[in-house]
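Below, each chain spelled out in residue letters.
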Amino acid sequence: MLRIEIRKAVETEAIKILEILRSVAVWLDSEGPGKLWSAASFDLFEITQKIRAAEVVVLKADGEIAACMYVEQSDDAFWPEANPREALYLHKLAVARAGSGNLHSGDKWNFYLTSA
């Protein structure tokens, strides 16, 4: 049985998170529905800053990071009129390609999101 853990990311996981985000960006553009993000738009500094701000969540499957997402308390680009901290905004939900057939992201993230 797959052991699942969902929690806020720590800085030592930044490189793996960067790898997942970049690989999903490449996949979306080459084999998926189309370009959503540029692989070059992700950098280690930004991811580390988001981790320090507690804005990155990881899903680990059997001890390995299998998915990640940004959870932010404001979203000025899409919801500029919203009050900060009134809602959570999810961005860059990405499942590692190796685990893509084994994880149903909606089911696994539901626990985290309802307890956030």
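The rules behind each value
Residues numbered from 1 in each chain as written. Predicted model: local features only at pLDDT ≥ 70, side-chain atom pairs only at ≥ 80, totals over all residues. Heavy atoms only, no water. Helix = DSSP H or I, 4+ residues; strand = E, 2+ residues; numbered from the N terminus. Buried < 20%, exposed > 50% of the residue type's maximum accessible area, 1.4 Å probe, protein only. Contact = heavy atoms within 4.5 Å. Areas by Shrake-Rupley, 256 points an atom, 1.4 Å probe, with all protein chains shown as cover. Pairing = 2+ DSSP bridges. Salt bridge = Lys/Arg side-chain N within 4 Å of Asp/Glu carboxyl O. Expected span 1.5 Å × (residues − 1). Arc of directions from axis to C-beta. Axes fitted to C-alpha atoms, helices over the stretch in contact; angles between N-to-C directions.

Trainee: Any chance you could break down the overall build of the protein chain for me, citing the residues and the numbers?
Mentor: When its secondary structure is counted, the protein chain shows 3 helices and 4 strands. Going from N to C terminus, the protein chain has its helices and strands arranged as β-α-α-β-β-β-α. Per-residue burial over the protein chain gives 35% buried out of 116 residues. Pairs at least 24 apart in sequence give 58% of the contacts found in the protein chain among residues at least 6 apart. In the structure as shown, the protein chain presents an accessible area of about 7,200 Å², 53% of it carried by carbon and sulfur atoms.

Trainee: Which residues make up the pairing of strand β2 (residues 56-61), and what values go with them?
Mentor: Successive side chains on a regular strand alternate, one facing one side of the sheet and the next facing the other. With 6 of 6 residues buried, β2 lies mostly within the body of the structure. Alternating positions in β2 separate into two faces, Val56, Val58 and Lys60 on one and Val57, Leu59 and Ala61 on the other, with burial throughout. Where strand β1 (residues 4-8) meets β2, 5 bridges bridge the pair, whose relative direction is antiparallel. Looking at the pairing, Glu5 lines up with Lys60 of β2. As paired elements, β2 and strand β3 (residues 64-72) share 6 bridges and run antiparallel to each other. Directly across from Val56, in β3, lies its bridge partner Tyr70.

Trainee: I'd love a proper account of the pattern of salt bridges, names of residues and values included.
Mentor: One pass over the structure, following the stated rule, counts 6 salt bridges. The residue Arg7 makes a salt bridge to Glu5 at a minimum N-O spacing of 3.1 Å. Judged by relative accessible area, Glu5 falls into the partly exposed class, the value being 30%. Linking Glu11 and Arg52 is a salt bridge whose minimum nitrogen-to-oxygen distance equals 3.1 Å. Residue Glu11 is located in the loop between β1 and α1 (14-30), and its partner Arg52 is located in helix α2 (residues 44-52); the two are separated by 41 residues in the primary sequence. In this structure Arg52 comes out as exposed when scored by relative accessible area, which is 53%. When salt bridges that share partners are traced, they join Glu5, Arg7, Glu13 and Lys60 into one network.

Trainee: So what's going on with α1? Which residues, and what values?
Mentor: Here α1 is 17 residues long and its end C-alpha atoms lie 24 Å apart, about the 24 Å a rise of 1.5 Å per residue gives. Restricting attention to buried positions, one finds in α1 the residues Ala14, Ile17, Leu18, Ile20, Leu21, Val24, Ala25 and Leu28. All buried residues of α1 lie within an arc of 165° about the axis, which places them on one face of the element. What points out from α1, more than 90 degrees from its buried face, is the exposed set Ile15 and Ser30. Check the buried side of α1 and you find it contacts α2, β2, β3 and β4 (89-95).

Trainee: Which residues make up the sheet that holds β4, and what values go with them?
Mentor: Strand pairing within a sheet occurs via backbone hydrogen bonds; the two strands may be parallel or antiparallel. What the 4 strands build is an open sheet, ordered β1-β2-β3-β4; its pairing is antiparallel. Two strands bound the open sheet, and with one partner strand each, they are β1 and β4. Strand after strand, the sheet turns through a mean of 20° between neighbouring axes, direction not considered. The strands touched by α1 are β2, β3 and β4; relative to β3, the strand with the most contacts, the crossing angle is about 85°.

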